[in-house]
Structure formats: structure tokens, C-alpha cells
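Fold and geometry: a report
These are the residues of each chain, in order.
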Amino acid sequence: MEEQLAELAAKVAAIETKGNLTNTMFAETYYYLTIPLMIIIHAGFLAYEMGASRAKNALSSGVKNILAIAFVIPAFYFFGWWVYWAFPTGFSLSEGPNGISGAAYANSFAWGWGEAAAAMGPNIDDQISGVFWGAFTLFAATTASIMSGAVIERIQTVGFVILAVILGGFSWTLAAAWGWHADGWLVQSWGLHDFGAAGLVHAVAGFFALGVLINLGPRVGKFNADGTANHIPGHNLPLTAMGLMLIIVGFWGFLMACVVVGGEAWSWGANFATIYGTPTNLGALSFNILMSVAGGIIGAWLGTRDPFWMMSGALAGIISVASGLDIYWPALAFIIAFGAGLILKPAATFLEKFGIDDAVGAVTVHGTIGIYGLVTLGIFGVGYPALLGEGAPTISLVGQIVGAVVFIAIGLVTGYVSALILKMVGMLRVPEAAEIAGLDTVKVPAQAYPEGIAASPPAAS
């Protein structure tokens, strides 16, 4: 009998081990697949910005986008990942209430050297660190690509790369540590909830771009002497529209990566959850992403009839509901996204009145709409638990506004100061003659259209 019991126990243990292994393999594969899906976002940004550039600048815009990914990846490996785990409680670098933050905690696994390097390289006993880091790295790269579109056709390549490293390696990561981490002080003290990163990715990147644009200045020919703005069309609107659609495709991976898989030692429980531990599932994403895309397109179409703004409306629709994708009912998501589509073009036009030349509307689509979405959740999600646990803080309008102000400040201050320093040392903007000639002509050893498509004029008045 004892032998039979022992044999039965061994079989049960084997079954349990196999079940855990199966779940671990699923979790690893889940995050692994989010990475190429988010690469599609960058394929979209590449097409979007090249099409939105004039023919004489198409390749330089593409090169800039490729370099953003290339430089942000090592930046996030060498210091960005450490920032996320070290700073949740603020600049004190102390441990938070869940014990998963602070300098000592980050030092144990978030450096690429020393004992911590066991979690920062190939390790067959660790099936999560690499893929989880990879997903976060693509979030970081996305912020740099958001900023990239706003500054096309007049920024120096090296200056842009420096800005991309600062934004992707530090600025958004600091915001994520404060508001997208269970120990984050904005979460613990204010009940901030930003499931899909409308504020801490999009708003931070959008307002970082604004800080850069203030120092960079408008393109030659954008504004007349009386302050009125000229429209400078891109050379390939179909390519831009296709790029925007690819960004929408990639967003399924982006938002999928915002979900914490259940059933692991590092999970919140047995089921899917948000990064705050509150419950959600992929069904919530499916309903609300699709409804928000539709709402954003329809709102922008009714307001403009312009295909560029219609596709931008799809992106704005997703961003507007991203904070509450885990909470909203689909009909509400549609209404919020519809509102985002309606205000998109007026908000961009309002920004132009201050002499800001945002070539693709990135400040509006990501910055303004990111804040709109973050604050809107404070209205419709009030009272909902912002964090898992008994006595956890709840979502409030005040808390969401505080988060919005902090994210604006992080983006705007770091973007403005970084760009100002680059401007002072002559590394921000290309010379006027080079801009007029076209950056492809003077900066890129290749031609986008070698068979002779004429270069675009400086501006269309």
C-alpha cells in the first residue's frame, strides 16, 4: 500500500510539474509574440513618416526611425530597465510596499553585468526575464518613434539620436516607474490607473516632442510673416495611410503586452491581470480596441473628411481609451474615441497658432489625446480599484489629473532642456541651406526615387 501511495504521489507531482511547465512555456511565448507585433508599430511609423515627408526628405526620415530603434534598445538594456525598477517610490530609491522596487532590488537583476547579469542574458532556468524585458524595450522604442514624426525635415540625425536615448531610456521609464508599477507613488498615493499607457507612454512622448519643437522651430516656409500657417503636404499620402494602419496592427501587441499572464510565481494570481493586479482578459481588449478604432475614425471623418486625419483618428481612438481598456464597456469606449476623433484636428490647429510646426500631429495625437484619455478615466472609472489588495486606492478624477500633470512635466521638461542644450551646442537643427536642398540630398548616400521624381518645393502656400 505504501509503495502504491508513493507511486501515486509521484505521478501527481509529475502531472503538476508538467502543468506548471506548460503554463510557463505559454507565458514565455505570450510575451515573445508581443515583440514582433510591436515591431510592426515601427514598420508603420517608418511608412507613415516617410510618406508624410516631402520627396527630398523621405529617406532621411526613414533613417531616423531606424536609428531610434537601434539606439533605444541598448539604452534600455544598459540603464532603462534599472530605472523602471529602482525609481517607483521616487528619487529616494527606497523599497516600496510590495517589496519589488528600489535601488537594491533593481541592482539584483536589472544590470547587464555582475551577479545581476544572470537575469540579463541567456539562462535556461529563467523563462520570463528576457521576453518581459523585450516587451518593455519595445515600449521604450515606441516613445522615440512618436517623437520622431513631429521633428521631420529639419533635425540633425545625431541630435535626434541623443533625444531618442533620453526619451526611451529615461523619461518614459521614470513615468512608468511612478505610474505603471504596483509600488509607484502615483499609484499608491493617488490611485492612478493607466492600463494601456495613454499617459505614461503617449502623453510623455507627445509633450517631450513639444519641448523639442519649441527649440527646433518650424520648417522653412511653414509660417508666413503674419503668423498664418501654410500646409506642407507629404509626398505620398497612401504610404502614410498604410503606415498608420500598420501602427494599429502593432497596437494589438502593445496592449497585449500590458496584460500580466496568470499562473506564474511572478503573476498576480491564476488569471490575467493588469500591471496593477486588477482583473482583466484579452476579451476586454478585443471589444474595446475595435470599438475605439471605429469611434476615432468616424469622429475624425465627420470633422474633417481628410484621409490623413481619419487614420490618425483611429490611432487617437485607441489612445483615448487605453487607460481604461480593462474597465470600459464597449459602447462607452466608442463614445470616448468618437470624441477624440472630433477634437483631433481642432487641437492640432490650435497648437499651430502658437507657431509650433508638428509635421504629423504627434503632439496632438499622442500628447493631447493621451491626457484626454487619462483624465476621462477619472470621470468614468471613479471608485474602481486602482490596485489589487484590501484597502487599495481607488480611481479618482483628482488622481488622474495629478498623474496627467506629472506626465506632462516629465515629458515637457526633459524634452525642452535636452533640446535646448543641443541647440546651444549646434547639434539640434540642420543649416537652412541643407533644409531647402533636402536632407536626402545632403545627408543620405542614396536616392528614394532614383528614376527622377522631382523634389518637393520648400512649402505650398
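Remember, it's a predicted structure, so these values are computed and weren't measured experimentally.

Criteria and thresholds
Residues numbered from 1 in each chain as written. Predicted model: local features only at pLDDT ≥ 70, side-chain atom pairs only at ≥ 80, totals over all residues. Heavy atoms only, no water. Axes fitted to C-alpha atoms, helices over the stretch in contact; angles between N-to-C directions. Helix = DSSP H or I, 4+ residues; strand = E, 2+ residues; numbered from the N terminus. Parallel < 35°, antiparallel > 145°, perpendicular 65-115°, else oblique. Left-handed = near helix turned anticlockwise from the far one by under 90°. Contact = heavy atoms within 4.5 Å. 1 Å grid on protein atoms, 1.4 Å probe; cavity = no way out; pocket = protein on both sides within 12 Å on 5 of 7 lines; lining within 4 Å. Points joined across faces, edges and corners; volume = space filled by probe spheres on them. Nonpolar A, V, L, I, M, F, W, Y, C, P; charged D, E, K, R; others polar. Phe/Tyr/Trp six-rings, centres within 6.5 Å; stacked < 30°, edge-to-face > 60°. Buried < 20%, exposed > 50% of the residue type's maximum accessible area, 1.4 Å probe, protein only. pLDDT = per-residue confidence, 0-100.

A closer look at the packing of helix H9 (residues 282-304) against helix H10 (residues 307-322)
In contact at an axis separation of 7 Å, H9 and H10 are set at 135 degrees when each is read in the N-to-C sense. One finds that H9 runs oblique with respect to H10. Crossing geometry of H9 relative to H10 is assigned as right-handed. Contacts between H9 and H10 involve Asn-288, Ile-289, Ser-292, Val-293, Gly-296, Ile-297, Ala-300, Trp-301 and Thr-304 from the former and Trp-309, Met-310, Gly-313, Ala-314, Gly-317, Ile-318 and Val-321 from the latter.

Considerations on empty space enclosed by the protein
Scanning the entire structure with this criterion turns up one cavity of 30 Å³ or more. Computed from the structure, the largest cavity encloses a volume of approximately 40 Å³. Lining the largest cavity, in full, are Tyr-31, Phe-132, Phe-136, Phe-139, Trp-180, Ala-257, Cys-258, Val-259, Val-260 and Ile-275. Residue contributions to the lining of the largest cavity peak at three residues, all from helix H4 (residues 129-150). A breakdown of the residues in the lining of the largest cavity according to their chemical character gives ten nonpolar, no polar and no charged.

Re the packing of aromatic side chains
Scanning the entire structure with this criterion turns up 38 aromatic pairs. Here Phe-26 and Tyr-30 contribute two aromatic rings whose centre-to-centre distance is 5.9 Å and whose plane-to-plane angle is 50 degrees, an arrangement assigned as tilted. On the criterion of helical spacing, the pair formed by Phe-26 and Tyr-30 is a turn pair, its members being four residues apart in helix H1 (residues 2-52). Residue Tyr-30 is classed as buried on the basis of its relative accessible area, which comes to 3%. Measuring from centroid to centroid gives 5.1 Å for Phe-350 and Phe-354, while their planes differ by 75 degrees, and the two rings are edge-to-face. Across the pair, Phe-354 and Phe-350 agree in class, each one exposed.

Overview of the confidence of the model for the protein
Atomic detail in the predicted coordinates should be set aside for any region of low pLDDT. Confidence along the protein averages 92 in pLDDT terms, with 93% of residues attaining 70 or more. By mean pLDDT, the top-scoring element of the protein is helix H13 (residues 397-424) (98), and the lowest-scoring one is H1 (78). For the stretch residues 15-19, pLDDT sits under 50, and the model shows zero contacts to residues farther than four places along the chain or on other chains.

Things to note about the packing of helix H2 (residues 58-86) against H4
Running from N to C, H2 and H4 cross one another at 130 degrees; their axes reach a closest spacing of 8 Å. Considered as vectors, H2 and H4 are oriented oblique to each other. Pair H2 / H4 crosses with right-handed handedness. Counted together, Lys-64, Asn-65, Ala-68, Val-72, Ile-73, Phe-76, Tyr-77, Trp-81 and Tyr-84 of H2 and Phe-132, Trp-133, Phe-136, Thr-137, Ala-140, Ala-141, Ala-144, Ser-145 and Ser-148 of H4 form the full contact between these two elements.

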